[in-house]
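# Summary of the model geometry
As a plain string of letters, each chain reads:
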Amino acid sequence: MTTDDVSRTGRAIHILVVEDDHEINALITRFLRKSNYIAVGVGNGREMDAAMAGQVFDLVLLDLLLPEENGLDLCRRIRATSDACIIMVTALAEVTDRVAGLELGADDYVSKPFELVELGARIRAVLRRGQPSGVVAPPPAPAPAPAGGLRFAGWRFEPERRLLYTESGVRMALTGAETDLMLVFYRHAGQVVTRRQLIALTRGDEDAIDERAIDLLVSRLRRKLAQGGRQLELIRTVRGDGYLFDSDIPAADGGRS
């Protein structure tokens, strides 16, 4: 068993498979168990809620087309109560459907039909990026965060825990994708970064998602910064070019972080 498959507490990574097709569900869960994950399969939202009430999952594979409630509704509910990584599984070809999942807090998506080897690679990549609770994974970039986190404009950013803290100590939880984006902005502060560069730096592949999806991800991060009492000018839109992160904005008390 590799370090990608084991948490710091010594337990295996727990994955919940939400898929109503029994054959596909069984196929995925068998594959995950052979890959040294603890996999639980359920077929709908009610079963998902019961499973998540009984244990903590590090990652959820969530089908979009489900009976009773669709995957987008379930994604919204998961993100409201859990920091588990989410991979949407979809047979829908429309980009808008995939973007909607990313906007709601999903970390990645895989399109049906898919090869199990591709699914395994995406799971490993999301776990490395997202670092769910207790999972051993390398940081998104070579330079580790200093003790106490990274600081800018009155904020304290702890990427290894996927958290932002306001000046008053209010905690803002980030998804794996938001953490990746915040790290890229922090490490390229004062520089204009194009949408294609943001995709490549956060996903490792310029074709991983489209530019509309990265705009929505930026909007999510802006909203969280705004909820913490900061203005949106921390992340500026440079028309026709991309975005610029201004880490030199003074803290609320007028000082510099």
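Remember, it's a predicted structure, so these values are computed and weren't measured experimentally. (Residues numbered from 1 in each chain as written. Predicted model: local features only at pLDDT ≥ 70, side-chain atom pairs only at ≥ 80, totals over all residues. Heavy atoms only, no water.)

This part covers the packing of aromatic side chains. In the structure shown here, the tally under the stated rule is 4 aromatic pairs. Taken together, a centroid distance of 5.2 Å and an interplanar angle of 75° make the contact between Phe152 and Phe245 edge-to-face. Residue Phe152 is found in strand β6 (residues 150–152), and its partner Phe245 is found in strand β12 (residues 242–245); the two are separated by 93 residues along the sequence. Taken as a pair, Phe152 and Phe245 share a single burial class, namely buried. Seen from their ring centres, Phe185 and Phe245 are 6.0 Å apart, and the 25° between their planes marks the pair as stacked. With a gap of 60 residues between them, Phe185 in helix α6 (residues 176–187) and Phe245 in strand β12 connect regions that are remote in the sequence. As far as burial versus exposure is concerned, Phe185 and Phe245 are alike and both buried. Clustering of aromatic rings is evident, with ring pairs tying together Phe152, Phe185, Tyr186, Tyr243 and Phe245. For Arg156, the ring lying beneath its charged end belongs to Tyr165, and the centroid distance is 4.2 Å. (Phe/Tyr/Trp six-rings, centres within 6.5 Å; stacked < 30°, edge-to-face > 60°. Helix = DSSP H or I, 4+ residues; strand = E, 2+ residues; numbered from the N terminus. Buried < 20%, exposed > 50% of the residue type's maximum accessible area, 1.4 Å probe, protein only. Lys NZ or Arg CZ within 6 Å of the ring centre and 35° of its normal.)

By the element assignment, Ala26 lies in helix α1 (residues 22–34). Among the residues examined, Ala26 registers a relative accessible area of 27% and is labelled partly exposed. Separated by 14 residues in the primary sequence, Ala26 and Val40 place their C-alpha atoms 9.6 Å from one another.

Geometrically, the link from Lys112 to Pro113 is a cis peptide bond, its omega value of -5° lying close to zero. Even without being a glycine, Asn36 presents a positive backbone phi close to 75°. Take Asn36: it is sitting in the loop between α1 and β2 (38–42). Residue Asn36 is classed as partly exposed on the basis of its relative accessible area of 31%. Phi at Ala153 takes a positive value of approximately 45°, unusual for a residue other than glycine. Turning to its location among the elements, Ala153 is positioned in the loop between β6 and β7 (155–158). When its relative accessible area of 0% is taken as the criterion, Ala153 is described as buried.

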